[in-house]
Structures are given as structure tokens and as C-alpha cells.
Amino acid sequence: MKRPYAPLLLAASVLSLTACDSESEGGGDGFTVTYEPPFNPSAFVADITNPYFPLVPGTTFRYEEEAEDGMEEIIVEVTHDTREIAGVTARVVRDRVYLDGELIEDTVDWYAQDAAGNVWYLGEETCEFEGGECASTAGSWEAGVDGAVPGIVMPADPTVGQAYYQEFYEGEAEDRARVLSTSEAVTVPYGSFTSCVETEDTTPLDPDVLERKYYCADVGTVLEVTVETGGRGELVEITSP
């Protein structure tokens, strides 16, 4: 059981501290955090307008991926709901995954943007389904609870070489990203885009998994590629409010 809410220390180096912990545990994979914005709850804004990760309430994104077990459909819904987390009013985003039409994962994510334009990830409540029942909530975390700290999901001004934790709850959620390019051309069923940000996403909790993600201006995430398998989660449709 998670401990009751405890306020975060507003340390500018919070991300670099977690990175050092994981480097020592992960066997020296070379990942080094170089981007360290301060987490200051008084410096957040109401709307998430970062062009590479815009979250307009009422918008729904639909992705598809041909997986080993069948066709996966991912529905990401930006709700009108908010939640107070670590002193910040976060936007609630619901993410559902279906395999051949059957719900296999249902997640609620919490995001917020600071005044500089960095989009922060403040936690998630996730449930994996088996046979129509919730079988696992592993990976759930909330900033400020049980030692979990917020991470960056998209920098205000992404530049090649920037590296940052997207989330950090030791042993449960330690996703991290590194910017590889800001000039990628990407084509998915939804359309073709240029000048997109490409990131390399890894986690020391599962070092064999390597993903590439592509974010395009005024759209957001358009493509996720699992390098090992070649799987492609492609943006198929956006429904605007």
C-alpha cells in the first residue's frame, strides 16, 4: 500500500539525482541526465500547449499496431477533468489498449505544463486486464507519494542530446528518454510530417526494450517504434472537440 501523500522537495536537481541512482543500478549504460528544470508548483499554467505534446481537452487520438498476438488499438482521450498532484493542477488523460477488440489495459495519466513550456508527467493509475478482470496495477505511481518524483515528458525546447527521466518511482516506473533528432520526416496513416522530434526511450527495469518515439508540431505523438520487433504504433485518427 502506498503511504499517504507527502509534499515534494522542490529541488532543481531532482531529475539528476534519480538518474545517478539508476546509472549505478543499471550497469553503466551511458545514460546521463543533462536537462534539469526545477519543479516549482507555483510556476505551472492551466493549459498544455507545448507544440510537440499538446493536450486540448476533448481531443481523442487513435493509434494502431500490428502486434504478435493480433491488432492493437490504442485510444488516448484528453479529458476535461483535473486532479491536484504535488501542489499542481494536472490534466487527466485516459489511455486504453484493445487487442482484437478486447480491453487489455486501462490507464489514467496526469500531465501538467510549467510556465517555461516543459510538459511534466505526474503519475498514472494503470490496470492490466485478463479475462475481463483487472489482474495487475504494477507501474502505477503518483508524484509525491512513497518517494515517487515527477518527470519530463516533453521539454519546452527539445535539442539533440537532451536526456531526462519521464517518470521515477524506484523499481516500478523509471522510463527515460534522450532526444536523437529534431528534423525527422514521418509518415503514418494520419498523414506525413517533417521537422519532428525523435527520442530514444529506455528503462533500466527492462534494459532489452528500446523504443523510438516521434513527436510532430501541433499534433503530438504520431509514431512509436519498438526497435527489437519492428512494431509500429501509428497515429490513425484525431477527433477534435
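To be clear, the structure that these remarks concern was listed above.
Note that this is a predicted model, so its numbers are computed, not measured. (Residues numbered from 1 in each chain as written. Predicted model: local features only at pLDDT ≥ 70, side-chain atom pairs only at ≥ 80, totals over all residues. Heavy atoms only, no water.)

Remarks on the overall build of the chain
Along the chain, the regular secondary structure elements total one helix and 16 strands. By the burial criterion, 48% of the 241 residues in the chain qualify as buried. Put simply, of all contacts in the chain between residues at least 6 apart along the chain, 48% involve residues at least 24 apart. Summed over its atoms, the accessible surface of the chain is roughly 11400 Å², and 48% of this surface lies on carbon and sulfur atoms. (Helix = DSSP H or I, 4+ residues; strand = E, 2+ residues; numbered from the N terminus. Buried < 20%, exposed > 50% of the residue type's maximum accessible area, 1.4 Å probe, protein only. Contact = heavy atoms within 4.5 Å. Areas by Shrake-Rupley, 256 points an atom, 1.4 Å probe, with all protein chains shown as cover.)

Concerning the pairing of strand S2 (residues 60–67)
Sheet topology note: the S2/strand S3 (residues 70–85) ladder contains eight bridges and is antiparallel. Residue pairing across strands places Arg62 opposite Ile75, the latter belonging to S3. The turn linking S2 back onto S3 is made up of two residues. Sheet topology places S2 next to strand S16 (residues 231–239); five bridges connect them, and they run antiparallel. (Pairing = 2+ DSSP bridges.)

Some words on the pattern of salt bridges
Following the criterion strictly, the structure yields twelve salt bridges and no others. Arg62 is the partner of Glu73 in a salt bridge, and the nearest nitrogen-oxygen pair spans 3.5 Å. Here Arg62 lies in strand S2 and Glu73 lies in strand S3, a separation of eleven residues in the sequence. Residue classification places Glu73 among the partly exposed positions, given a relative accessible area of 27%. (Salt bridge = Lys/Arg side-chain N within 4 Å of Asp/Glu carboxyl O.)

With respect to the pairing of strand S5 (residues 102–114)
Here strand S1 (residues 44–45) pairs with S5 via two bridges, running antiparallel. When the bridges of S5 are listed, Phe44 appears paired with Asp114. Across nine bridges, strand S4 (residues 88–99) lies against S5 in antiparallel orientation. Bridged to Val92 within S5 is Trp110. Between S4 and S5, which pair antiparallel and follow one another directly, the connecting turn spans two residues, one of which, Asp100, has a positive phi of 50°. With nine bridges connecting them, S5 and strand S6 (residues 119–130) associate as antiparallel partners. Bridge pairing links Gln113 to Val119 in S6.

Quick word on the nonpolar core
With 49 residues, the main nonpolar core has Phe53, Tyr111, Leu122 and Val222 as its most contacted residues. By residue number, the principal contributor to this core is S4, which donates five residues. Not counting the four nearest positions on each side in its chain, Val222 is found in contact with Tyr63, Val186, Val188, Phe193, Tyr214, Cys216, Gly233, Glu234 and Leu235. (Core = buried A, V, L, I, M, F, W, Y, C linked by side-chain atoms within 4.5 Å.)

Section: unusual backbone geometry
Located in the positive-phi region is Asp100, a residue other than glycine, with phi close to 50°. Tracing the chain through its elements places Asp100 in the loop between S4 and S5. Note on Asp100: relative accessible area 55%, which makes it exposed. The backbone of Asp146 sits at a positive phi, close to 55°, despite the residue not being glycine. Looking at the element boundaries, Asp146 is found in the loop between strand S8 (141–142) and strand S9 (149–154). By relative accessible area, which is 25% here, Asp146 ends up partly exposed.

Overview of a negative patch on the surface
Judged by side-chain charge, Glu66, Glu68, Asp69, Asp100, Glu102, Asp206, Asp208 and Glu228 come together as a negatively charged surface patch. Its location among the elements puts Glu228 in the loop between strand S15 (220–226) and S16. (Patch = residues over 30% accessible without salt bridge, like charges linked within 9 Å, V, L, I, M, F, W, Y side chains within 5 Å. Lys, Arg positive; Asp, Glu negative; His and termini not counted. Charge placed at Lys NZ, Arg CZ, Asp CG, Glu CD.)

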